[in-house]
Amino acid sequence: MSLVSWFFTLWSSSALPLLLVGPVGRQMGLRVGLQVVQTAICSRWGTLSDEGLYQDGDVVIGGLFSLHYKPPATAHNFTQPPYNRPCTGLENLPLQYVYAMVFALEEINHSAILLPGVKLGYHIHDSCALPTWAMQAMLSVVGGDSTNCNTTGLPDSYADFNEGRGREGDASVPLVIGGSSSVAAKILCRILGPLSMSYTASCPCLSDRRQYPTFFRTMPSDIYQARAIAQIALRFNWTWIGAVVANNDYGHVAVKIFQEETEGKGVCLAFVETLQRVNIVSDARRAALTIQASSARVILVFSWYTDVRELFLHLEKINVTDRQFLASEAWSTSGNLLHNVVTPKVANGVLGVAIRSSPIPGFEDYLTSLNPYHRPEDEFLKEFWQNEFGCNPEVTPISSDTASGPAPPKERIQRASLPPCSGAESLKGMQHPLTDTSQLRVTYNVYLAVYAAAHALHSLLSCPEIEKPSESNSSTCSSPKHIKPIEVLHHLNNLNFTTPQDELLYFQGSDIPAKYDLVNWQTTPQGSLRIVLIGRADGLDLHINESAIQWSTGSQQVPVSVCSESCPLGTRKASRKGEPLCCFDCIPCAKGAISNKPDSLNCERCPDEFWSNADQTACIHRELDFLSFNETLGITLTTAAVSGAVVTTAVFVVFLRYRQTAMVRANNSELSFLLLLSLKLCFLCSLVFIGRPSVWSCRFQQAAFGISFVLCVSCLQVKTIVVLAAFRSARPGAGALMKWFGPGQQRGSVCLFTCIQVIICAIWLSLSPPVPQADLDIPGLQITLKCAMASVVGFCFVLGYIGLLACSSLLLAFLARKLPDNFNEAKLITFSMLIFCVVWVAFVPAYVSSPGKYAVAVEIFAILASSYGLLLCIFAPKCFIIILQPEKNTKKHLMGR
């Protein structure tokens, strides 16, 4: 069993977690595990030394990079030789990362300020983009290639690694720059436990210092890019967003953080579709159809560029080319995706978060000067040369001794069959991804990682006046040959320095401050796409040049992505049942309420003195309203009142003209004239109710109304009593009855009844008179100014007394209706009082239920109706006989029965 196979066997068992708790536990677990291995076998476990890149130094920095993307056929089985069979398919950008590390180390070695007198070396290996291969490469970096076992049964370098002791002449490897993926970083930290600094691992889980205390990175956690994208959505008021994410922690965590950041801010996810690498074709087709069916115009995509490429392919097939995409850093700067023929049709205007870029002075010249003839030990550069120029860059032919050893790599066999290079090949003036330094993103992260390691070592080897985390209190400076990783860990935790680009760098736990570039995919005149920097994100602070953005619409107009259009002023939002909060209806505010902000959740009531305008957007002062002489209703009522007074006057004149006739004299002419006078006052008192109420008009109108009607009803009651007394006196023995109802007694009775009403009105108006007051309870822009009854009791007494007299008159008239006479006035009084009572019984509910000035109109109508009823019922028949049938206006005719 090989060492790597034993590690994975032990990792999958329940024993390893007990051994590997914390950094000390991991170190102890490593020793114990290796001792167990030694009892079974102590043989060389396969290395990748032939495919590595090495430079000796006082302190050696390890490096792991995913240079190849095609794993070897034996990548899954480390128990079968040859272990050093390489991966294939060299990638250009990872090779640039390698030379960024080498360039930074050479730059530091030439510095007179940083680590003076200390030479940094490097051991760089290919992790082949596989976690298992990364672990074998890490073992090779920290363990070396020795085949000798010490007395403990451990390879020398492993026995002494964590104590900082190497073999004689060997340099220690206190830190490894690598772990290109979050999975690889977690495996390396959990199993091996040396200090590692990743340049691309972005999983938020790696920020947990309890689980990964020896891990650092120059790549921000995915939490921050999800927050940055959430801030972009809020910045441009996108509230209805679709999401397509990778079906792993990268995608799920991003969606969760995005929702948390936008919670309560009006942003909803229309859908969440997942993409899985093994089912990418079917998943991409399903996601494309969902995007097509959704009303969301902005689509958030958190996935790898290969998944996005498949998604764009299906979107192009179904002609969905009008969506605004928000890109995560995993594909926002992908050249492979950017130059795909389908991408410009679908992804124009992509707005994305990208790993921040920064120039590295001198790096482009360094890359263009690379040549395998100057670096004969660099197998990576030879392979690159072979691929780009199609020639054999080997300086010396492959020895025949190679046949006796492990099988030569496939690349070397192919290289040997190629014609030799002329030596004139060069990268200068050549446009190639390796030498393109226009946007150094991951490359810059590698550069920062090297400088962070160098500054930590500088702090450690410079003996700063801080307490060292070692067990001894010795003041002796650490030796470059015996650096303990735990000491480097302490100095990394306290790191604070300025990079050559004048950027302040420090670690917050395992992370550096989150900084991103904001990029935009824009169409060139040639129809291709290019990446344009349109801003930066510093934590949650966005700095965006909005005028520089080219949107998916092809214009400068920001795309709109909402489930429901924004509610205008004067309306409020009403959620739709069973739908997200972003989907709502706009309900107009009720009368008297306003909303003066878009998307208001509630309408605000206007103060009592104000009312909403026609658009329900502002409160305006309410206008005073009252029953005036100028409006139609006022004119109508005025005309009716004046007409009644005129008719009454005419009847008065007729009666006065024919006062000596039997018809006038038989019906108690004195009371008839008094009745006509009171009816005229009733008609005229209604005019007092029309017009702007004032203090005196409010008092006078009710008093005039009450007294006039009491005078009128009193006359009718006395007339009825006189009729009854006259007929009663005709009976034997009742002759003396009429002396009690002579003219003086009649006048006295009318005065008595009227004085009672006068007293009631005087008491009411002196104690609690009506006052002019605006009726704020009635909805509407207009406020009715009316005479408010300060005391309803007083008004009830006035009406009650009138009603009492009316009822008694009705009763007496009803009893006298069948008295023998050709013209019995009691019949006329009965009909008139019946109409009077009906009108005022109907008045009460109508008055109470009528709003504002219409209540005044109801009272005027009741006054006029009852007055006309009395006038017509009592005097119309008499005038008819007096004027049109004078032959009947005789005593004989009247006494005919």
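Residues numbered from 1 in each chain as written. Predicted model: local features only at pLDDT ≥ 70, side-chain atom pairs only at ≥ 80, totals over all residues. Heavy atoms only, no water.

Observations regarding the pattern of salt bridges
A side chain with one charge may pair with a side chain of the opposite charge, provided their charged atoms come close.
Consideration 1: Applying the stated rule across the entire model yields 20 salt bridges.
Consideration 2: The closest approach of N and O atoms between Asp585 and Arg576, which form a salt bridge, is 3.1 Å.
Consideration 3: Classification of Arg576 by relative accessible area gives partly exposed; the value is 28%.
Consideration 4: Each member of the salt-bridge network shares a partner with another, and the members are Glu273, Asp283 and Arg286. (Salt bridge = Lys/Arg side-chain N within 4 Å of Asp/Glu carboxyl O. Buried < 20%, exposed > 50% of the residue type's maximum accessible area, 1.4 Å probe, protein only.)

So, the confidence of the model for the protein chain
Consideration 1: Residues at a pLDDT of 70 or more form 81% of the protein chain, whose mean pLDDT is 81.
Consideration 2: Low confidence marks residues 78–84, where pLDDT is under 50. Its contacts with residues over four positions away, or in another chain, come to 21 contacts.
Consideration 3: Here residues 470–475 scores under 50 on pLDDT; set against residues more than four positions off or in separate chains, the count is 1 contact. (pLDDT = per-residue confidence, 0-100. Contact = heavy atoms within 4.5 Å.)

Focus on a nonpolar patch on the surface
Consideration 1: Where nonpolar side chains cluster on the molecular surface, the patch consists of Ile759, Ile763 and Leu767 and spans about 330 Å² of accessible area.
Consideration 2: Residue placement: Ile759 occurs in helix 23 (residues 743–767). (Patch = residues over 30% accessible without salt bridge, like charges linked within 9 Å, V, L, I, M, F, W, Y side chains within 5 Å. Areas by Shrake-Rupley, 256 points an atom, 1.4 Å probe, with all protein chains shown as cover. Helix = DSSP H or I, 4+ residues; strand = E, 2+ residues; numbered from the N terminus.)

As for the sheet that holds strand 9 (residues 240–246)
Consideration 1: One open sheet holds the 8 strands; their spatial order is 10-9-11-12-13-16-17-18, and the pairing between them is mixed. Looking at the sheet topology across the chains shown, the edges are occupied by strand 10 (268–275) and strand 18 (541–544). Ignoring strand direction, the axes of neighbouring strands in this sheet form an average angle of 25°.
Consideration 2: Here strand 13 (residues 351–355) pairs with strand 16 (residues 515–523) via 5 bridges, running antiparallel. (Pairing = 2+ DSSP bridges. Axes fitted to C-alpha atoms, helices over the stretch in contact; angles between N-to-C directions.)

Brief notes about the state of the cysteines
Consideration 1: Under the definition given, this model contains 8 disulfides.
Consideration 2: Bridging Cys203 to Cys205, the disulfide has an S-S length of 2.4 Å. A torsion of 130° about the S-S bond marks the disulfide between Cys203 and Cys205 as right-handed.
Consideration 3: Judged by relative accessible area, which is 9%, Cys203 ranks as buried.
Consideration 4: Bridging Cys391 to Cys421, the disulfide has an S-S length of 1.9 Å. On the S-S bond that ties Cys391 to Cys421, the torsion sits near 90°, and the link is right-handed. Here Cys391 is found in the loop between helix 15 (379–389) and helix 16 (410–416), whereas its partner Cys421 is found in the loop between helix 16 and helix 17 (442–461), with 30 residues between them in sequence.
Consideration 5: What makes Cys391 buried here is its relative accessible area of 5%.
Consideration 6: Just so you know, Cys712 is unpaired, no disulfide at all, and the nearest cysteine sulfur is the one on Cys682, 5.0 Å from it.
Consideration 7: By relative accessible area, which is 0% here, Cys712 ends up buried.
Consideration 8: The cysteine Cys755 is free of any disulfide, with Cys751 supplying the nearest cysteine sulfur at 6.1 Å. (Disulfide = S-S within 2.5 Å.)

Concerning the packing of helix 10 (residues 280–293) against helix 11 (residues 305–317)
Consideration 1: Where helix 10 meets helix 11, the closest approach of the two axes is 8 Å, and the angle between their N-to-C directions is 55°. Put simply, helix 10 runs oblique to helix 11. The element helix 10 and its partner helix 11 pack so that their crossing is right-handed. Side by side, helix 10 and helix 11 meet where Ile280, Val281, Ala284, Arg285, Ala287, Ala288 and Ile291 of the first sit next to Asp307, Glu310, Leu311, His314 and Leu315 of the second.
Consideration 2: Across the contact of helix 10 with helix 11, the residue classes tally to 8 nonpolar, 1 polar and 3 charged. (Parallel < 35°, antiparallel > 145°, perpendicular 65-115°, else oblique. Left-handed = near helix turned anticlockwise from the far one by under 90°. Nonpolar A, V, L, I, M, F, W, Y, C, P; charged D, E, K, R; others polar.)

Digging into helix 24 (residues 792–815)
Consideration 1: With 24 residues, helix 24 extends 34 Å between its outermost C-alpha atoms, agreeing within 8% with the 34 Å of an ideal straight helix rising 1.5 Å per residue.
Consideration 2: Those residues of helix 24 not exposed but buried are Gly794, Phe795, Val798, Leu799, Tyr801, Ile802, Leu805, Ala806, Ser809, Leu810 and Ala813. (Expected span 1.5 Å × (residues − 1).)

Some thoughts on the side chain of Asp283
Consideration 1: Inspection of the secondary structure puts Asp283 in helix 10.
Consideration 2: Excluding its chain neighbours within four sequence positions, the residues that come into contact with Asp283 are Thr274, Leu275 and Gln276.

As for the nonpolar core
Consideration 1: Of all hydrophobic cores here, the largest spans 69 residues; its most connected members are Phe65, Met101, Leu175, Val488 and Leu492.
Consideration 2: The element that contributes the greatest number of residues to this core is helix 17, accounting for 15 residues.
Consideration 3: Beyond its immediate stretch of four places on either side in the chain, Met101 contacts Ile61, Gly62, Gly63, Phe65, Tyr122, Ile124, Ile177, Val446 and Val450.
Consideration 4: Residues Leu627, Phe683, Phe753 and Tyr801 belong to the second largest nonpolar core, which totals 67 residues. (Core = buried A, V, L, I, M, F, W, Y, C linked by side-chain atoms within 4.5 Å.)

Describing the environment of Arg286
Consideration 1: Tracing the backbone shows Arg286 in helix 10.
Consideration 2: Through-space distance from the C-alpha of Arg286 to that of Leu311 is 9.2 Å; in sequence the pair is 25 residues apart.
Consideration 3: Setting aside residues no more than four positions away along its own chain, Arg286 makes contact with Glu273 and Thr274.
Consideration 4: Here the side chain of Arg286 touches Glu273 through a polar contact of 2.7 Å, side chain to side chain. (Polar contact = N/O pair within 3.5 Å; in protein donor to acceptor, adjacent residues only side chain to side chain.)

A short note on helix 11
An α-helical turn contains 3.6 residues, so a residue and the one three or four places further along point in the same direction.
Consideration 1: A rise of 1.5 Å per residue sets the reference length of helix 11, with its 13 residues, at 18 Å; its end C-alpha atoms lie 18 Å apart and thus fit the reference within 8%.
Consideration 2: Phi turns positive one or two residues past the end of helix 11, at Asn319, with a value near 60°.

Thoughts on the packing of aromatic side chains
Remark: the centre distance and the inter-plane angle together describe each pair of aromatic rings, the angle taken between the planes.
Consideration 1: Applying the stated criterion across every chain yields a total of 29 aromatic pairs.
Consideration 2: Here the aromatic rings of Phe236 and Trp551 are separated by 4.9 Å at their centres, their planes lie at 80°, and the arrangement is edge-to-face. Residue Phe236 is located in the loop between helix 8 (222–235) and strand 9, and its partner Trp551 is located in the loop between strand 18 and strand 19 (571–575); the two are separated by 315 residues in the primary sequence. Take Phe236 and Trp551: they sit in the same class, and that class is buried.
Consideration 3: Judged by centre distance (5.5 Å) and plane angle (85°), the ring pair of Trp331 and Trp521 falls under edge-to-face. Of this pair, Trp331 sits in the loop between strand 12 (324–327) and helix 12 (335–338) while Trp521 sits in strand 16, placing them 190 residues apart in sequence. The pair formed by Trp331 and Trp521 is uniform in burial state, with each residue classed as buried.
Consideration 4: Through successive ring pairs, a cluster of aromatic residues spans Phe705, Phe709, Trp764, Phe795, Phe836, Trp840, Phe843 and Tyr847.
Consideration 5: Its end group placed over the ring of Tyr658, Arg657 keeps NZ or CZ at 5.1 Å from the ring centre.
Consideration 6: For the cation-ring pair, Lys878 lies above Phe875, with the distance from its terminal atom to the ring centre recorded as 5.6 Å. (Phe/Tyr/Trp six-rings, centres within 6.5 Å; stacked < 30°, edge-to-face > 60°. Lys NZ or Arg CZ within 6 Å of the ring centre and 35° of its normal.)

Some remarks on the packing of helix 24 against helix 25 (residues 825–849)
Consideration 1: Between helix 24 and helix 25, the shortest axis-to-axis distance is 8 Å and the interhelical angle comes to 150°. Considering how the two elements wind past one another, helix 24 and helix 25 form a crossing that is left-handed. Contacts between helix 24 and helix 25 involve Leu799, Ile802, Ala806, Ser809, Leu810, Ala813 and Phe814 on the former and, on the latter, Ala826, Ile829, Thr830, Met833, Leu834, Phe836, Cys837, Trp840 and Phe843.

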